[in-house]
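One letter stands for each residue in the lines below.
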Amino acid sequence: MRKEGVRYVIGVLLFLCVVGLGFSPQVRQFVNTPVDLTIFEGSNAVIEMAGATAKGHVVIKEQDNRTYLHGKSPGSEEVLVKAGPWPVKAIDVSVLPSIKVIPGGQSIGVKLNTEGVLVVGHHLIETAKGQKSPGEFAGIEVGDRITKINGIKMHSMNEVAKLVQDAGEANKELTIEVLRNEKPIKTVLKPERAKGDHLYRLGLYIRDSAAGVGTMTFYEPQSMKYGALGHVISDVDTRKPISVHDGQIMRSSVTSISKGLHGEPGEKLASIAKDQDILGTISKNSSFGVFGQLDQKAKMKNGLYDEPMAITTADEVKEGPAKILTVLEGEEVEQFDVEIVSSVAQNGPATKGMVIKVTDKKLLQETGGIVQGMSGSPIIQDGKLIGAVTHVFVNDPTSGYGCHIGWMLEEAGIHTGLLEAKAS
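Every residue gets a number counted from 1 within its own chain, in the order that chain's sequence is written. The predicted origin of the model limits local features to residues at a pLDDT of at least 70 and limits the giving and counting of side-chain atom pairs to 80 or more, whereas totals for whole chains, interfaces and linings rest on all residues. In computing side-chain properties, one takes all heavy atoms of the structure into account and sets aside hydrogens as well as water.

### Quick look at the overall build of the protein
Helical segments are the DSSP runs of H or I of at least four residues, strand segments are the runs of E of at least two, and each set is numbered from the N terminus. Looking only at helices and strands, the protein has seven helices and 30 strands in total. Here the protein, with 424 residues, has 45% of them falling under the buried criterion. Here, residues are in contact when the closest pair of their heavy atoms is within 4.5 Å. A separation of at least 24 residues holds for 65% of the contacts in the protein among residues at least 6 apart in sequence. Per-residue accessibility takes into account occlusion by the displayed protein chains alone, with areas from the Shrake-Rupley method and a 1.4 Å probe. Carbon and sulfur atoms provide 53% of the accessible area of the protein, an area that totals close to 21,600 Å². A simple rule labels every residue: compare its accessible area, found with a 1.4 Å probe on the protein chains alone, to the largest value its type can have, and call it buried under 20%, exposed over 50%, or partly exposed in between.

What follows is the structure, given as structure tokens:
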């Protein structure tokens, strides 16, 4: 019995020692030190352990029991962290070529033309033989995109209307091809004419474009590629992402703001400029926003940061103070204080990479925090572009999500090397 008691006491003591080690600063530092790290040329990263060696692409500097890694030249190498003369951890560091873009903040109007014609609803036609909806009877569903009729590609509602009228007058059926969840489906229907009307109809509500307002995030001054909004544009009726055929971004002016409240997101109200104020084209609508090419003549100065600015990786983003650029009135871009509450070092593209909280008194007074139309507002920290505002917390308009800027650049077709670095 006495031997068993001694063993029990020893076991408890060993357990407490192990638990105690887990709470020691040295063990926590070791666990929190990453095994891989990505930085841009000319940027720095910090690890909470002193003592490291590097070979060439990375320059090491130690201060206050921390190791600062400076990206000297593009390439990859292994940095060894040491405890005295002994190596205790290896970090695979990738140094990517420096990329600079010009941050935005301007209010923009967005017009998208859909790929095909979007079905947003059904309706019944009052015919001599009763109420009918040929489209619904043929199995066409809300959210389908009509891509071809009788083998002819469809781009607009006017093109659909002409073929429907011609088929109705000739008493012929139409072969309709739709995309449903990106899968092609073919069906046949015969247009119907309503009583007392000369027009033939499909019994479908359709749409070929969408419009809205948002915020410019950045553009690259050599290629004039840009990114804006920070989130996908979905159809207001189907709630599905709009597949873009083409589109334009236009200059817009904020006219008023509906303040955000608990449970009720606020909104920027803006007037979109005329067609002659088109700033550029839209070629992509993705989960990170809209992307395309600015016109070479477009004047996109924000008056605050009009020179190319370095970007950061997710690893470099720190919890603490930052700025966002956005418009509250007219076309004047202003900067406001926010706090980075948390940041996630992501292995792949994802929109919710950081949590931000508005701390600026003026912005809180004017908007209540983050409102619709502010999406895409660039986030700046320590003189570098780190991301864009994407979503507001419905139950707390002072806070919301942001995405890391690297993923937006990749979507814009500006190759950062982040995807390859994360995959290696």
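This is not the end of the story, as more comes after the structure.
### Here we look at the side chain of glutamine 381
By secondary structure assignment, the location of glutamine 381 is in strand β28 (residues 378-381). Two N or O atoms form a polar contact when they lie within 3.5 Å of each other; inside protein one atom must be a possible hydrogen donor and the other a possible acceptor, and for residues adjacent in sequence the pair counts only when both atoms belong to side chains. A polar atom in the side chain of glutamine 381 sits 2.9 Å from the backbone oxygen of lysine 318. A polar atom in the side chain of glutamine 381 sits 3.2 Å from the backbone oxygen of proline 321. What glutamine 381 contacts, discounting residues up to four positions off in sequence, is Glu316, Val317, Lys318, Gly320, Pro321, Ala322, Ile340 and Ile386.

### Some remarks on the pattern of salt bridges
Salt bridges are identified by distance alone: a Lys or Arg side-chain nitrogen within 4 Å of an Asp or Glu carboxyl oxygen. Under the counting rule described, the total for this entry stands at 13 salt bridges. In this structure, the salt-bridge partner of lysine 162 is aspartate 166, at a minimum N-O distance of 3.0 Å. Placement of the pair is lysine 162 and aspartate 166 together in helix α4 (residues 157-169), with a separation of four residues, close to one helical turn. For lysine 162, a relative accessible area of 54% translates into the label exposed. Since its relative accessible area comes to 35%, aspartate 166 is described here as partly exposed. For aspartate 237, the salt bridge identified is with arginine 207, shortest N-O distance 2.6 Å. Taken together, the residues aspartate 237 in the loop between β19 (225-229) and β20 (244-258) and arginine 207 in strand β18 (residues 204-219) connect sequence positions 30 residues apart. Within this structure, Glu141, Asp144 and Arg180 form a network of salt bridges that share partners.

### Considering the pairing of strand β23 (residues 289-294)
Taking burial as the measure, the six residues of β23 include five buried ones, the bulk of the element. Strands qualify as paired when DSSP identifies two bridges or more between them. Pairing between strand β22 (residues 278-286) and β23: six bridges, direction antiparallel. Bridging across to β23, threonine 281 finds its partner in glutamine 293. Taking the residues that link successive antiparallel strands as the turn, the β22-β23 hairpin has two residues.

### Focus: the packing of aromatic side chains
The criterion for an aromatic pair is that two Phe, Tyr or Trp rings (for Trp, the six-membered ring) have centres within 6.5 Å, with stacked assigned to planes under 30 degrees apart, edge-to-face to planes over 60 apart and tilted to the rest. For the structure shown, the criterion picks out one aromatic pair. Centroid distance phenylalanine 393 to tyrosine 401: 4.9 Å. Interplanar angle 75°. Geometry classified as edge-to-face. We classify tyrosine 401 as partly exposed; its relative accessible area is 25%.

### So, the sheet that holds strand β30 (residues 396-404)
Sheet architecture is closed into a barrel: six strands sit in the order β25-β26-β27-β30-β29-β28, paired in antiparallel fashion. Each strand of the sheet is rotated relative to its neighbour by a mean of 45°, with strand direction disregarded. Sheet analysis places strand β25 (residues 320-327) next to β28, joined by two bridges and oriented antiparallel. By the bridge assignment for β28, isoleucine 324 is matched with isoleucine 379. Whenever a helix is involved, its axis is fitted only over the stretch in contact; in every case the axis is a line through C-alpha atoms, and angles between N-to-C directions fall within 0 to 180 degrees.

### Let's talk about the nonpolar core
In plain words, nonpolar cores are sets of buried Ala, Val, Leu, Ile, Met, Phe, Trp, Tyr and Cys residues tied together by side-chain atoms within 4.5 Å. Counting residues in each nonpolar core, the largest one holds 24 residues, and the members touching the most others are Phe218, Ile311, Leu385, Met408 and Leu409. Mapped by element, the contributors of at least two residues to this core are β25, β29 (384-393) and α6 (405-411). With four residues, α6 is the single largest residue contributor to this core. In terms of nonpolar packing, the next biggest core, distinct from the first, is built from 21 residues, Ile108, Tyr226, Val244 and Ile249 among them.

### A short note on the sheet that holds strand β2 (residues 44-47)
One open sheet holds the three strands; their spatial order is β2-β5-β4, and the pairing between them is antiparallel. With one partner strand each, in any of the chains shown, β2 and β4 (58-63) form the two edges of the open sheet. Each neighbouring strand pair of the sheet contributes to a mean axis angle of 25°, computed without reference to strand direction. Pairing of β4 with strand β5 (residues 66-71) involves six bridges; the strand directions are antiparallel. When the bridges of β5 are listed, lysine 61 appears paired with tyrosine 68.

### Description of α4
In this scheme, a helix's expected span is set at 1.5 Å multiplied by one less than its residue total. In a regular helix each residue adds 1.5 Å, so 13 residues correspond to 18 Å; α4 covers 18 Å between its end C-alpha atoms and thus fits that length. Those residues of α4 that are buried lie in contact with β9 (107-122), β12 (145-149), β13 (152-153), β14 (174-180), β17 (200-201) and β18. Downstream of α4 by one or two residues, asparagine 171 has phi in the positive range, about 55°.

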